Structure formats: C-alpha cells, structure tokens
Amino acid sequence: MGEGAGPRSVGVDTSGTPRGVWVDDQQRLYVVDALAHCVDISSKSGQSLASFAESGVGPGQFNFPNDLTLDSHGLAFVTDRHHHTVPHRRVSARALPST
C-alpha cells in the first residue's frame, strides 16, 4: 500500500502493515496491523479511539494478526497467522466514543 492510501489516509496510526479492515454500525474503523500485533480503532474522521492487544502467543495477544470480524454483541474475532485458535476480545461500544 503506498503512502496516503488505505488506512493512513483516514488517520489510522499503523506501523505499515494493515491487513483486515472492518467498519462497525457506528462507522468506527477497525484496522488489523500485522507487524504491530494489534487492532487500531478510529472514528470515520480518522480520530484514534483505541487499540488493543500486544505481541505474543498468550491469551489476548497476537502474533501476526490478519483479519477480524465483529459479532452483534461487540465481540471481535481476530484471525492470527501463528495462533492455532481464533483469539477474541470484547469491544464495548459504550467504552468507545461515538462518531
């Protein structure tokens, strides 16, 4: 992805390897960053709202995450290249600012 394209153009601070992208029902953008081993969440205007996870192979950690989906209860399911399970994390809509 070139400079100024994709997630960077909306202000998401990634380390340069965005993989999966998801937009929730409140227009918040979730970007999976494989090299930063996290999920960044921003508003539709590009304001950073939150980030979750860290590098590792334990519970709540990612090791080259690739994609995600959210269920209707706010649970994020993240596919991870080096995990043999699908790590998940509850993302509370009330805890994030509305857009």
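If you're wondering where the values come from, they're calculated on a predicted model, not measured in any experiment.

Criteria and cut-off values
Residues numbered from 1 in each chain as written. Predicted model: local features only at pLDDT ≥ 70, side-chain atom pairs only at ≥ 80, totals over all residues. Heavy atoms only, no water. Helix = DSSP H or I, 4+ residues; strand = E, 2+ residues; numbered from the N terminus. Buried < 20%, exposed > 50% of the residue type's maximum accessible area, 1.4 Å probe, protein only. pLDDT = per-residue confidence, 0-100. Contact = heavy atoms within 4.5 Å. Pairing = 2+ DSSP bridges. Axes fitted to C-alpha atoms, helices over the stretch in contact; angles between N-to-C directions. Core = buried A, V, L, I, M, F, W, Y, C linked by side-chain atoms within 4.5 Å. Salt bridge = Lys/Arg side-chain N within 4 Å of Asp/Glu carboxyl O.

## Remarks on the side chain of Asn63
Within the secondary structure, Asn63 is located in the loop between β4 (48–52) and β5 (65–70). Take Asn63: its relative accessible area is 18%, and that puts it in the buried class.

## Let's talk about the confidence of the model for the protein
If pLDDT is low for a region, its predicted coordinates should not be looked at in detail. Residues of the protein with pLDDT of at least 70 account for 68%, and the chain-wide mean is 75. This stretch, residues 1–12, has a pLDDT under 50; its non-local contacts, to residues over four places away or in other chains, come to 18 contacts.

## Overview of the sheet that holds strand β2 (residues 29–33)
With respect to topology, 4 strands assemble into an open sheet ordered β1-β2-β3-β4, the strand pairing being antiparallel. Of all strands in the sheet, those with a lone pairing partner are β1 (18–23) and β4, marking the two edges. Strand-to-strand twist across the sheet, computed as the mean angle between neighbouring axes with direction ignored, equals 20 degrees. Strand direction decides the pairing type here: strand β3 (residues 38–42) and β4, joined by 4 bridges, are antiparallel. Of the residues in β4, the one forming a bridge with Ile41 is Ala50.

## Details of the nonpolar core
Counting residues in each nonpolar core, the largest one holds 11 residues, listed as Tyr30, Val32, Val39, Ile41, Leu49, Phe52, Phe62, Leu68, Leu70, Ala76 and Val78. Of all elements in the fold, only β2, β3, β4, β5 and β6 (75–80) reach the threshold of two or more residues within this core.

## Let's talk about the environment of Val78
Tracing the backbone through its elements, the reader meets Val78 in strand β6. Taking the C-alpha atoms as reference, Val78 lies 9.0 Å from Gly20; in sequence the two are 58 residues apart.

## Some words on the pattern of salt bridges
Under the defined criterion, the tally for this structure stands at 1 salt bridge. As a salt-bridge pair, Arg28 and Asp24 come within 2.8 Å of each other at their nearest N and O atoms. Here Arg28 falls in the buried class, since its relative accessible area comes to 2%.

## A short note on the pairing of β5
Direction of pairing for β5 relative to β6: antiparallel, over a ladder of 5 bridges. Bridge pairing in β6 links Thr69 to Phe77. Between β5 and β6, which pair antiparallel in sequence order, lie 4 residues; one of them, Gly74, sits at a positive phi of approximately 85 degrees.

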